[in-house]
Amino acid sequence: TNMASFRTVYAFAREMHPKTEKADIQYGTAGFRTKASKLGYVMYRMGLLAVLRARYKKAVIGVMITASHNPEPDNGVKLVDPHGEMLEQSWEKWATKFANVGDDQLEDVIKEIVNEFNIDMTNRVEIFIGKDTRPSSPSLAKSLMDGVLALSGKPVDFGIVTTPQLHYFVTCKNTRHAYGVPTEVGYYIKLVTAFKKLRGEEYNKGNYKNLIFYDGANGVGSKKIKIFQEQLGECLNVRHFNDAGIGTGKLNFMCGADYVKSTQSFPTGVPVEKNRRCASVDGDADRIVYYYVDDEENFHLMDGDRIATLIASYLKELLQKTGIDLNLGLIQTAYANGASTEYITKQLKVPVACVSTGVKHLHHKALEYDIGVYFEANGHGTVVFSQAAKDKLKEALKSEDKSETEKKAIERFLTLIDVINETVGDAISDMLLVETILHDKGWDVKDWEAAYTDLPNKLVKVVVEDRNVITTTNAERICTSPNGLQDEINSLVAKYSKGRSFVRPSGTEDIVRVYAEAATKEDTDRLAAEVAKKVYDMAGGTGPAPVI
Ligand code: G16
């Protein structure tokens, strides 16, 4: 009976979700991403894979339909593992295999994976599904659900939600509600209750004013912030902008976290008010960056590195007040500004680890600490706490050896954990955390910025024929092919004071990314252009060549 049921899989595929693309597609930095029109059959197949994964893990698996920071005509899919993490890397090759075999081979691939992992196909499993606001998402969700149904799984559709909300639901369900209630209402209640408790009665404090301008990137982040705002009431005034309707083509267009970070400029649609604290989220609300415009109308960016250092330093201080010994680590990628890394190691004296791009890598590394703070410079990150750390804090609260001041700090620490969505980077939860810290310190955005000065930095995209000709090692900081490219980069970098540069193929866009930083803006721009030109020349650049 087990094997016979796979027949439906082929029938569904052939009649409703036939493979339309010849070229192979790869499970990248954050799942599959491409033009939405090319994704119907991929979704169907991810529905199949999700059921197999769920049966293997004997747990709920999540599937998020989104292309996050990419433009509106794109879409994508990422799988969420039982504890809310991204799909385990050893299964990515299965995802890629499922996506690329012919329709008539699907049954065989299913048999292969069932045999390899000895999957009990009689398990009844649920698949949690979420989608962003892209117009293509409902029909792709339908394809996905057909895949789930073809293997007799039960799809549970959460409708339009942020990526971190879906991760949260999966974790709640699999921890039997220990982490929270797996509904949107449950999510808001948990975060807002903790936030209000931390804020207390005094909404403004020192230089801190409880008004923030929020750019929702014309996506799901602008829908959900309204629900937050209703519940936050007067204690945090979030004035939101960029809330265009679904299908207007404005998603992420000249706004949102990716635009602000990569162009280092103010988004459209948000009124420019001098010295006003502003924040932008991305298309599925898992990234956030802060910024403001000063009296001289200069733009100042507070990116993921800055958020990470703010959080790490605050947690470290608070931890000291609890008198409890827990280890704290910070995880970055090669994109982290050199000045931030120096500040963390030398000033904060917090150990830093550098890993490859992709939240999946950062999250994994962060789990090695009692308290792991991880952020990509692009604003994607969160904090994870080990169960042992949580237990230790809770135990200490009951202990007679602890003073009242220490107990107060412990209570605050535990409440802080509830504001944080530990399952994955969550723009709105991160914002509530940053606002809590700034409020507690009585800081405005300038006080925050004063911690260290970023080195000028620049991100450039280079279009090449096949981005996979670029390979890297050492957390993507060294390029291993094409032959000789790294030597060229080294000699270019050597010309500039505080110069640093690296190149890597994007896992979400069909381009090569070039990062550069140096002591001055002019040097940075020049170094970025020179390295971009080398990539163009040595890695098969197409279209107009980068100008130096
Ligand atoms: C995704 C990943 C991030 C990554 C970004 C860019 O973000 O989740 O971890 O930094 O893509 O990746 P790449 O440089 O490989 O294109 P998002 O917000 O698009 O899901």
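Just so it is clear, the model here is predicted, and its values are computed rather than measured.

Draft legend 1. Up close: the overall build of the protein chain. Of the regular secondary structure elements, the protein chain holds 18 helices and 19 strands. Taking 2.2 N^0.38 as the reference for a compact globule, 548 residues should give roughly 24 Å; the C-alpha atoms of the protein chain span a radius of gyration of 23 Å, in line with that estimate. Taken along its principal axes, the extent of the C-alpha atoms in the protein chain is 70 × 60 × 45 Å. The buried share of the protein chain, reckoned over its 548 residues, is 51%. Of all intrachain contacts in the protein chain linking residues separated by at least 6 positions in sequence, the fraction that spans at least 24 positions is 70%.

Draft legend 2. Region of interest: unusual backbone geometry. A cis amide bond links serine 481 to the next residue, proline 482, at an omega of 0 degrees. Structurally, proline 482 can be placed in the loop between strand S17 (478-481) and helix H17 (485-493). Residues other than glycine seldom take positive phi values, yet alanine 475 does so here, at roughly 50 degrees. Within the fold, alanine 475 resides in the loop between strand S16 (471-473) and S17. C-beta crowding within 10 Å serves as the criterion here: with 18 such atoms nearby, alanine 475 is assigned to the partly exposed category.

Draft legend 3. Highlighting the UniProt feature "domain: Phosphoacetylglucosamine mutase AMG1" (unreviewed entry) in the protein chain. UniProt marks residues 181-289 and 303-443 with the feature "domain: Phosphoacetylglucosamine mutase AMG1" (unreviewed entry), using the numbering shown here. Annotation note: span residues 181-289, helix share 34%, strand share 15%, distance between end C-alpha atoms 28 Å. Counting secondary structure, residues 303-443 comes out at 57% helix and 14% strand; the distance between its end C-alpha atoms is 17 Å.

Draft legend 4. Spatial organisation of the site of the ligand. In the region of the ligand, 18 residues are neighbours, and Thr29, Ser68, Ser506, Gly507 and Thr508 sit closest. Residue composition of the shell around the ligand, grouped by class: two nonpolar, ten polar and six charged.

Draft legend 5. Fine view of the sheet that holds strand S7 (residues 237-241). Across the sheet, which stays open at both edges, the five strands sit in the order S7-S6-S8-S9-S10 with mixed pairing between neighbours. Only two strands of the sheet have a single partner each, and these edge strands are S7 and strand S10 (299-302). Strand-to-strand twist across the sheet, computed as the mean angle between neighbouring axes with direction ignored, equals 30 degrees. Alignment of strand S6 (residues 211-215) against S7, held across five bridges, turns out to be parallel. If you follow leucine 211 over to S7, its bridge partner there is asparagine 237. Against the sheet, helix H15 (residues 427-441) contacts S6, strand S8 (278-281) and strand S9 (288-293), and its axis sits at roughly 50 degrees relative to S9.

Here is what the cut-offs are and how they apply
Residues numbered from 1 in each chain as written. Predicted model: local features only at pLDDT ≥ 70, side-chain atom pairs only at ≥ 80, totals over all residues. Helix = DSSP H or I, 4+ residues; strand = E, 2+ residues; numbered from the N terminus. Rg over C-alpha atoms; globule rule 2.2 N^0.38 Å. Buried ≥ 20, exposed ≤ 12 C-beta atoms within 10 Å, placed from the backbone. Contact = placed C-beta atoms within 7 Å. UniProt positions renumbered as here; feature names shortened; annotations may be inferred. Near = placed C-beta within 6 Å. Nonpolar A, V, L, I, M, F, W, Y, C, P; charged D, E, K, R; others polar. Pairing = 2+ DSSP bridges. Axes fitted to C-alpha atoms, helices over the stretch in contact; angles between N-to-C directions.

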